[in-house]
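Take a look at the letters that make up each chain.
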Amino acid sequence: MKKCLSILLSAIMVISMAALSAVPISAEVTYFAVGSVIFDPEWASDVPEYQMQFDGDAYSVAIPVEEDKWGKSFEYKVNDGTCEENYNDVPFAERSDDNDASNANAVGYVEQYTKEVVITLDPKLLYTVTPSDAYTHFTWSSSDTAVATVNSAGKITAKGSGTAIVTVKTSNGKTAECEVIVGTAPESVELDKTEVTLAVGQSCKLTATLTPADAYTYCAWSSSDTAVATVTSAGKVAAKGSGRALITVKTSNGKEAKCTVSVGAAPESIELDKTDVTLAVGQSCKLTSTLTPDDAYTYCAWSSSDTAVAAVTSSGKVAARGSGTAIITVKTSNGKTAKCTVTVGAAPESIELDKTDVTLAVGQSCQLTSKLTPDDAYTYCTWSSSDTAVAAVTSSGKIAARGSGTAIITVKTSNGKTAECKVTVGTAPESIELDKTEVTLAVGQSCKLTSTLTPDDAYTVCVWSSSDTAVATVTSSGKVAARGSGTAIITVKTSNGKTAECKVTVGTAPESIEL
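Residues numbered from 1 in each chain as written. Predicted model: local features only at pLDDT ≥ 70, side-chain atom pairs only at ≥ 80, totals over all residues. Heavy atoms only, no water.

### With respect to the overall build of the chain
- From N to C terminus, the chain includes 0 helices and 52 strands.
- Here the chain, with 515 residues, has 39% of them falling under the buried criterion.
- When contacts within the chain are restricted to residue pairs at least 6 apart in sequence, those whose partners lie at least 24 apart make up 60%. (Helix = DSSP H or I, 4+ residues; strand = E, 2+ residues; numbered from the N terminus. Buried < 20%, exposed > 50% of the residue type's maximum accessible area, 1.4 Å probe, protein only. Contact = heavy atoms within 4.5 Å.)

So this is what it looks like as structure tokens:
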């Protein structure tokens, strides 16, 4: 049976010889690669798993231990990385010479004066001979020694890119084959990120790209400071503590790429800029979080207690979906939380305006007021004008007349209910005249001044004023009242600045009268 094995220049595979006692019927070889080690010390309440790194000759992992663990025992078991058959997860070092793959874990103990337990395992070609008590000697050969050579002990050495078939042959002619593929050495390696900022507990994936595209290599990943950030053999970075670490990926022929990982300080607390919000269906708002201390860094997870009432995005944007109350929670990577109560009002059944028809002069303004049904309805209102050259309207319903003509002002609720007001803006006057240009009055006497616009269809709002209110006052309708002796100028002014005047003379009041 032929098995396929991809290796690199300088990679070495070893098959151990076995003491066998019967005539072989068949033989088989299988490549076994290591993924990770499950470490089970007698002092631990949990069973951690450690990724192993391949340095070109062997897989290894260094597991830190403390002084009080000296002399204590541990077990470990290997997780299979890429082999086609599962050899019961038993480490190579613990396999007996007859390849009995038992289920027992490997056992060890922590030596004195050591700070770490180092587990090292070789990748191997494992062979199986049937029957298990067969006895034979083996002959090893390679179909292309320019690609891969093999010695009498089954040690394979990669020589150049290409494919070779390594064959093991028993003394009675039984054979097994392994296809060895040696890839082109990479000219360079690059990472998809060169700088990453993470919060404690957060992780990210780094991806390596080789040049040329058909290059083949194993990649060894390492961290300059595992207390800050660790990295798996697949390039997954995990933030462990605040600080900065350099993640390095290294190819089998020594090409490297690096990524700087900055891990921020864990936040002591988190606050939101709003703790209570009322929205209408369809309305949205943005919640902003603040960390303490100022230099803290974290990723935030946002959630809603009732997404049928209010949903929230990963950036804190809240969208009102239905009437009711929901609690929006933001949570940091180390478990600190802040909350905001969102109340979404009942959708209105209808909306009305206090005015449905308004006539204004250019420059004049007025306020429209809306009313919802039912009374407890809540909504945001959108105001619009059919012709902003005639009349514009603000978000609060205030109308400003801009030019002669007609415009429809519309107010619309968040659920689509509308109300309208017709606004007519008159033609700006070219001039204004008064029916009197000079008046003489006695103290206490009054008279009415009447203005006339040109052209006849002009429309305006008129502002009346007196140059001396101690002599004469004037109302907004042009009624003049004599107050004291003297002279005053009464002025009427249109919305576009046209004016007309009337001189008012108020005589001295008589002290007496005789017949």
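Let us keep going from here.
### As for unusual backbone geometry
- In this structure, P212 follows T211 across a cis peptide bond, with omega equal to 0°.
- Inspection of the secondary structure assignment puts P212 in the loop between β20 (208-211) and β21 (219-223).
- Between T454 and P455 the backbone carries a cis peptide bond, its omega angle lying at 0°.

### Considering the pattern of salt bridges
- Taken as a whole and judged by the stated rule, the model has 5 salt bridges.
- Notably, a salt bridge pairs E256 with K258, separated by 3.4 Å at the nearest N-O pair.
- Residue classification places E256 among the partly exposed positions, given a relative accessible area of 41%. (Salt bridge = Lys/Arg side-chain N within 4 Å of Asp/Glu carboxyl O.)

### Section: the environment of D375
- Within the secondary structure layout, D375 lies in the loop between β38 (370-373) and β39 (382-385).
- For D375 and A346, which are 29 residues apart along the polypeptide, the C-alpha to C-alpha distance reads 9.9 Å.

### Topic: the sheet that holds strand β25 (residues 256-263)
- Ordered by their spatial adjacency, 4 strands build an open sheet running β18-β25-β24-β21, and the pairing between neighbours is mixed. A strand with exactly one partner marks an edge of an open sheet, and here the two such strands are β18 (195-198) and β21. Each strand of the sheet is rotated relative to its neighbour by a mean of 20°, with strand direction disregarded.
- As paired elements, β21 and strand β24 (residues 243-251) share 5 bridges and run antiparallel to each other. When the sheet's bridge partners are listed, S223 is paired in β24 with I247. (Pairing = 2+ DSSP bridges. Axes fitted to C-alpha atoms, helices over the stretch in contact; angles between N-to-C directions.)

### Description of the side chain of T298
- Positionally, T298 belongs in the loop between β29 (289-292) and β30 (301-304).
- Separated by 2.8 Å, the side chain of T298 and the backbone nitrogen of S333 make a polar contact. (Polar contact = N/O pair within 3.5 Å; in protein donor to acceptor, adjacent residues only side chain to side chain.)

### Considering the pairing of strand β35 (residues 350-353)
- Only one face of β35 is buried, namely the one carrying I351 and L353, since none of S350 and E352 on the opposite face is buried.
- Across 4 bridges, β35 lies against β38 in antiparallel orientation. Its bridge partner being in β38, E352 is matched across the sheet by K371.

### Concerning the sheet that holds strand β40 (residues 391-393)
- Pairing in this open sheet of 3 strands is antiparallel, and the strands run β37-β41-β40 from one edge to the other. The open sheet terminates on both sides in strands that have one partner only, identified here as β37 (365-367) and β40. Neighbour to neighbour, the strand axes of the sheet diverge by 20° on average, direction disregarded.
- One ladder, built from 3 bridges, connects β40 with strand β41 (residues 398-401); its direction is antiparallel. Within β41, the residue paired with A392 across the bridge is A400.

### Regarding the environment of D468
- Examined against the element boundaries, D468 turns out to sit in the loop between β48 (463-466) and β49 (472-474).
- Taking the relative accessible area as the measure of exposure, D468 reaches 30% and is therefore partly exposed.
- Put simply, D468 and I490 are 22 residues apart on the chain and 8.7 Å apart in space, counted from C-alpha to C-alpha.
- Contact partners of D468, with chain neighbours within four places excluded, come to T487 and A488.

### Regarding the environment of K503
- Take K503: it is sitting in strand β52 (residues 499-507).
- For K503, a relative accessible area of 36% gives the class partly exposed.
- Leaving out residues up to four positions away in the same chain, K503 has contacts with T437, E438, V439, T487, A488 and I489.

### Examining the side chain of T167
- Note that T167 resides in strand β15 (residues 162-169).
- The exposure class assigned to T167 is buried, which follows from its relative accessible area of 16%.
- Contact partners of T167, with chain neighbours within four places excluded, come to T139, W140, S141, T175, A176 and E177.

### Some points on the state of the cysteines
- According to the stated counting rule, one finds 0 disulfides in the structure shown.
- The thiol of C340 is not disulfide-bonded; the next cysteine sulfur, from C285, is found 6.5 Å away.
- A relative accessible area of 0% places C340 in the buried class.
- Looking at C502, it has no disulfide partner, and the nearest cysteine sulfur is the one in C447, 6.5 Å off.
- Assessed through its relative accessible area of 0%, C502 is described here as buried. (Disulfide = S-S within 2.5 Å.)

### Re the pairing of strand β50 (residues 479-482)
- Pairing geometry for strand β46 (residues 446-448) and β50, over 3 bridges, is antiparallel. Following the sheet pairing, S446 is matched in β50 by A481.
- As paired strands, β49 and β50 are joined by 3 bridges and run antiparallel to one another. Paired with T473 across the strands is A481, a residue of β50.

### Quick notes on the confidence of the model for the chain
- For the chain, the mean per-residue pLDDT works out to 80, and 78% of the residues sit at or above 70.
- Contacts of residues 1-35 to residues separated by more than four positions or lying in other chains number 170 contacts, the stretch itself having pLDDT below 50. (pLDDT = per-residue confidence, 0-100.)

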